[in-house]
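Here's the letter readout for the chains.
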Amino acid sequence: MTKDVHVRDLRCFLAVAEDLHFTRAAERLHVSQPALSKQIRALERQLGVELFRRGRHGVALTDAGTALLPHARQVLDAWREAADAVDAVRTGRRGTLVVGMSTSPVRGGLLPAVRSRFTAAHPDAALRLRQVDWQDPTAGLADGTVDVAFVWLPLPGPDRYAWTLVAQEPLMVAPPDTHPLAAREAVDFPDLLDEPFLALPPSAGPLRDFWLAPEFREGRPLRVGAEVAGTEETYEALAAGLGVCLIAEGNVPLLTLGGVTARPVRGLPPARYVLAWRREDGDRPLVRAYARACREVAERAWRAEARQGRGPRPAPAAPPARITSVPAPLDGQLPPS
């Protein structure tokens, strides 16, 4: 018995076996009845058996046809699943990936470098950037309008997300140029406790608290000078003397545009800037690929800084095999490639 049977042969056999009528089966397959009959006879010759009894009263399966029927169904079902799986991968690699951000990542040309690495591996994929204001600390992940996002930790509902570290940066304080703090080389956080602070909107949740550092205030009440939801608002409020604010070192160029300065703050933990995605999207090919490209670019930057003696940057080891629901201290871990 030859084993060189094609999927189309089994599809023709199954159609006739289910209808027990060559004309109806041909209509289902969108072929002519003579062509279908020819295909079935060719299959019978290949197998060396008759699959159907043809008579004046219709068509019936032979014992050989009855034996073949369940296996033909299994093969065709398996082929459909295989084709669907391949199509899902193809579609995933050719789709559009929406990248959210609330603060433009100006750090060392991060975005162009990640885009270049990502598009080299996925030339058929399209990238679309979406700017989100600071009222949404997830930059569009929570409402599903973006696929991945550059965000600051902590995120609300952290168990929903995984991430890979982009940068860990010391905190700075941004006062107006005319403020007495501007004359210092560095500032101890206790010296800021009587200052009014600019605050994110309450919807920012734990991220608002991070930038106000309430746990380091030694019980002193917080004074909010203004609420801000974007870079321009923050700059205008600082320049107007409405308060000071904590910022990450990498964001200093966004706010020191004239009339505002920045000084290092001692006594606070660093800020962590990450690329995040929803946990359930961790197996999507484009999400996986963009996260890996981001990780590779970040690690390359860390190594360059180390060679230049600019101080250590946390460069975690190669990505573990799976996403974790609760991120490690410095990284939410990458999914597998």
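Everything discussed here concerns the structure shown above.
Residues numbered from 1 in each chain as written. Predicted model: local features only at pLDDT ≥ 70, side-chain atom pairs only at ≥ 80, totals over all residues. Heavy atoms only, no water.

### A word on the overall build of the protein
Step number 1: A count of helices and strands for the protein gives nine helices and 13 strands.
Step number 2: The 337 residues of the protein split such that 45% are buried.
Step number 3: A separation of at least 24 residues holds for 71% of the contacts in the protein among residues at least 6 apart in sequence.
Step number 4: For the protein, the accessible surface area stands at approximately 17,100 Å², while carbon and sulfur atoms represent 53% of it. (Helix = DSSP H or I, 4+ residues; strand = E, 2+ residues; numbered from the N terminus. Buried < 20%, exposed > 50% of the residue type's maximum accessible area, 1.4 Å probe, protein only. Contact = heavy atoms within 4.5 Å. Areas by Shrake-Rupley, 256 points an atom, 1.4 Å probe, with all protein chains shown as cover.)

### Things to note about the side chain of Thr 62
Step number 1: Relative to the elements of secondary structure, Thr 62 occurs in the loop between strand 2 (58-61) and helix 4 (63-94).
Step number 2: In this structure the side chain of Thr 62 is engaged in a polar contact, spanning 2.6 Å, whose partner is the backbone oxygen of Glu 50.
Step number 3: If we skip the residues at most four places from it in the chain, Thr 62 touches Glu 50, Leu 51, Phe 52 and Arg 53. (Polar contact = N/O pair within 3.5 Å; in protein donor to acceptor, adjacent residues only side chain to side chain.)

### Some points on the sheet that holds strand 12 (residues 263-266)
Step number 1: Spatially, the four strands line up as an open sheet ordered 8-12-7-11, and their pairing is mixed. The strands lining the two open edges of the sheet, one partner per strand, are strand 8 (187-188) and strand 11 (245-248). (Pairing = 2+ DSSP bridges.)

### Describing the pattern of salt bridges
Step number 1: This model, assessed by the stated rule, comprises 14 salt bridges.
Step number 2: Between Asp 19 and Arg 28 there is a salt bridge, with its nearest N and O atoms 3.3 Å apart.
Step number 3: For Asp 19, a relative accessible area of 22% corresponds to the partly exposed category.
Step number 4: Judged by relative accessible area, which is 43%, Arg 28 ranks as partly exposed.
Step number 5: The shortest N-O distance in the salt bridge between Arg 278 and Asp 281 comes to 3.0 Å.
Step number 6: Assessed through its relative accessible area of 8%, Arg 278 is described here as buried.
Step number 7: When salt bridges that share partners are traced, they join Glu 18, Asp 19, Arg 28 and Arg 73 into one network. (Salt bridge = Lys/Arg side-chain N within 4 Å of Asp/Glu carboxyl O.)

### Side note on the packing of aromatic side chains
Step number 1: Per the stated rule, a full pass over the model turns up nine aromatic pairs.
Step number 2: Between Trp 152 and Trp 211, the aromatic rings sit 5.6 Å apart at their centres with planes inclined by 85°, giving edge-to-face as the arrangement. Of this pair, Trp 152 sits in strand 5 (residues 148-152) while Trp 211 sits in helix 6 (residues 206-212), and the two are 59 residues apart along the sequence.
Step number 3: Taking the relative accessible area as the measure of exposure, Trp 152 reaches 4% and is therefore buried. (Phe/Tyr/Trp six-rings, centres within 6.5 Å; stacked < 30°, edge-to-face > 60°.)

### Describing the side chain of Asp 147
Step number 1: The topology assignment puts Asp 147 in the loop between strand 4 (126-131) and strand 5.
Step number 2: On the accessibility criterion, Asp 147 (11% relative accessible area) is buried.
Step number 3: There is a polar contact of 2.7 Å between the side chain of Asp 147 and the backbone nitrogen of Val 98.
Step number 4: One polar contact links Asp 147 to Arg 284, side chain to side chain, over a distance of 3.0 Å.

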